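Report on the structure
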Amino acid sequence: MQPRPFAWTAGAILVVIGLAGFAPEPIVAVETDPLRVAAGVDHPQLLGLFGVSPVLNIIHLGLGVWGLISGRSLNGALTYARQVTFAGALLTIFGVIPGLDTLFGLAPLYGNNLLLHGLLAITGFLFGWLYRRPPAIPDRIEDDDEAYEG
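In what follows, the accompanying structure is described. (Residues numbered from 1 in each chain as written. Predicted model: local features only at pLDDT ≥ 70, side-chain atom pairs only at ≥ 80, totals over all residues. Heavy atoms only, no water.)

Where helix α1 (residues 3-20) contacts helix α4 (residues 74-96), the axes come no closer than 8 Å and their chain directions differ by 55°. On the basis of the axis angle, α1 is oblique to α4. The crossing of α1 and α4 is left-handed. Touching P3, R4, F6, A7, A10, G11 and L14 of α1 are L74, A77, L78, Y80, A81 and V84, all from α4. (Axes fitted to C-alpha atoms, helices over the stretch in contact; angles between N-to-C directions. Helix = DSSP H or I, 4+ residues; strand = E, 2+ residues; numbered from the N terminus. Parallel < 35°, antiparallel > 145°, perpendicular 65-115°, else oblique. Left-handed = near helix turned anticlockwise from the far one by under 90°. Contact = heavy atoms within 4.5 Å.)

Have a look at this one:
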């Protein structure tokens, strides 16, 4: 489990999701859940599965670009994985609390977005907090000089 490939992969997926949220009608359609529409929460949906909004798209783009940039170094990727654990967990927790599940009407955190953000938190935890650095390999092995005498 290496943090650098995780940072690149998660970053690329989040950038694609963030950009796709700004796509025109064939990819993003208006939500048809009658309970949400009646409550005045009519967020569009990406592929009919994930609620999107400009605020949520910017959050996804920001996390994605951060992942692509931080994947350049092990320490950066490790920090990214650990921080994205908290971001994904926070978005997931907000998604199950009534009133916060729309981030005050700015972003739909409910429905399938719970799965996306929960998966992000779990994988971030696996790659960030459970990663163990390999033991350091010495640059030069000290030979026993007495073995080579003679």
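Another point: the packing of α1 against helix α3 (residues 54-70). Geometry of a packed helix pair, given as the angle between the helix axes and the separation of the axes. Interaxial distance between α1 and α3 falls to 7 Å at its minimum, and their mutual angle equals 150°. Here α3 runs roughly antiparallel to α1, going by the angle between their axes. The hand of the α1/α3 crossing is left-handed. Facing α1, whose interface residues are A7, W8, G11, A12, L14, V15, I17, G18 and L19, α3 presents N57, H60, L61, L63, G64, V65, G67, L68 and S70.

Despite not being glycine, L103 has its phi angle at roughly 50°, a positive value. The buried category is assigned to L103, whose relative accessible area is 15%. A positive phi angle is found at F104, which is not glycine, with a value near 60°. Tracing the backbone through its elements, the reader meets F104 in the loop between α4 and α5 (112-128). With relative accessibility at 66%, the residue F104 sits in the exposed group. (Buried < 20%, exposed > 50% of the residue type's maximum accessible area, 1.4 Å probe, protein only.)

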